[in-house]
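Residue-level listing of the chains:
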Amino acid sequence: MKNSKNIIEILDNRYSAYLEDEGKWLNEGFKGIFTEKGEQKENLKTPVYLMLPKEIRVYVDQLLSDEGRLKSTM
């Protein structure tokens, strides 16, 4: 990955309020939407991903697009 922050960190930071309130079911934060193989589109846990609000799914898709290269989001 070309960015110093990984996708899980970016999601955990951006959606911290969601994790504290509605997203308590994601016990380990957004780490729970990926398999152990890494933060790539093919490693998404589809049932877990689909339980996320649409806004978050769209943002996850943006982060995973462009072959894993992240654009600055901060």
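Given the structure is predicted, the values throughout are model-derived calculations rather than measurements.

For this particular structure, what's the right way to read the packing of helix α1 (residues 7–14) against helix α4 (residues 54–64)?
Each pair of packed helices gets described by two things: the angle between the helix axes and the distance between those axes. With their axes 11 Å apart at the nearest point, α1 and α4 run at an angle of 150 degrees to one another. When the interaxial angle is binned, α1 and α4 end up roughly antiparallel. Once α1 is placed against α4, the crossing between them reads as right-handed. In contact with Ile 7, Ile 10, Leu 11 and Arg 14 of α1, α4 contributes Tyr 59, Val 60, Leu 63 and Leu 64. Residue classes in the contact of α1 with α4 are distributed as seven nonpolar, no polar and one charged.

Mind showing me how you'd approach the side chain of Glu 39 here?
Within the secondary structure, Glu 39 sits in the loop between α2 (16–20) and α3 (46–50). Summary of buried charges: Glu 39 has no salt-bridge partner, and the nearest side chain of opposite charge, Lys 31, is 9.1 Å away. Among the polar contacts made by the side chain of Glu 39, one reaches the main-chain amide nitrogen of Ile 7 at a distance of 3.0 Å.

Is there a simple way to think about the pattern of salt bridges in this case?
Two side chains that carry opposite charge are able to pair once their charged atoms sit near each other. A complete count under the given rule lists two salt bridges for this structure. The shortest N-O distance in the salt bridge between Lys 31 and Glu 28 comes to 4.0 Å. For Lys 31, a relative accessible area of 48% corresponds to the partly exposed category. Between Lys 41 and Asp 61 there is a salt bridge, with its nearest N and O atoms 3.9 Å apart. Of this pair, Lys 41 sits in the loop between α2 and α3 while Asp 61 sits in helix α4, and the two are 20 residues apart along the sequence.

Here is what the cut-offs are and how they apply
- Residue indices follow the written sequence of each chain, beginning from 1 at its first position.
- Only residues with pLDDT of 70 or above have their local features reported here, since the model is predicted, and side-chain atom pairs are shown and tallied only from 80 upward, although totals for entire chains, interfaces and linings are computed over all residues.
- Based on all heavy atoms of the structure, the side-chain values leave hydrogens and waters out of the count.
- To obtain each axis, a line is fitted to C-alpha atoms, and for helices this fit is confined to the stretch in contact; angles are then taken between N-to-C directions over 0 to 180 degrees.
- Here a strand is any run of E in DSSP of at least two residues, a helix any run of H or I of at least four, and the numbering for each starts at the N terminus.
- An angle below 35 degrees is read as roughly parallel, one above 145 as roughly antiparallel, one from 65 to 115 as roughly perpendicular, and any other as oblique.
- The sense of a crossing depends on the near helix, which, turned anticlockwise from the far helix by less than a right angle, makes the crossing left-handed and, turned clockwise, makes it right-handed.
- Any two residues whose heavy atoms approach within 4.5 Å at even a single point are treated as in contact.
- Asp, Glu, Lys and Arg are counted as charged, while Ala, Val, Leu, Ile, Met, Phe, Trp, Tyr, Cys and Pro are counted as nonpolar; the rest, among them Gly, fall into the polar class.
- Burial here depends on accessible area, computed with a 1.4 Å probe over protein chains only, as a share of the maximum for the residue type. Under 20% is buried, over 50% is exposed, and the range in between is partly exposed.
- Positive: Lys, Arg. Negative: Asp, Glu. His and the chain ends are not part of the count.
- What makes a salt bridge here is a side-chain nitrogen of Lys or Arg within 4 Å of a carboxyl oxygen of Asp or Glu, nothing more.
- Side-chain atoms alone can form a polar contact between residues adjacent in sequence; in general such a contact is a pair of N or O atoms within 3.5 Å, and within protein one must be able to donate a hydrogen while the other accepts it.

Everything listed here is a matter of geometry and, on its own, says nothing about what the molecule does.
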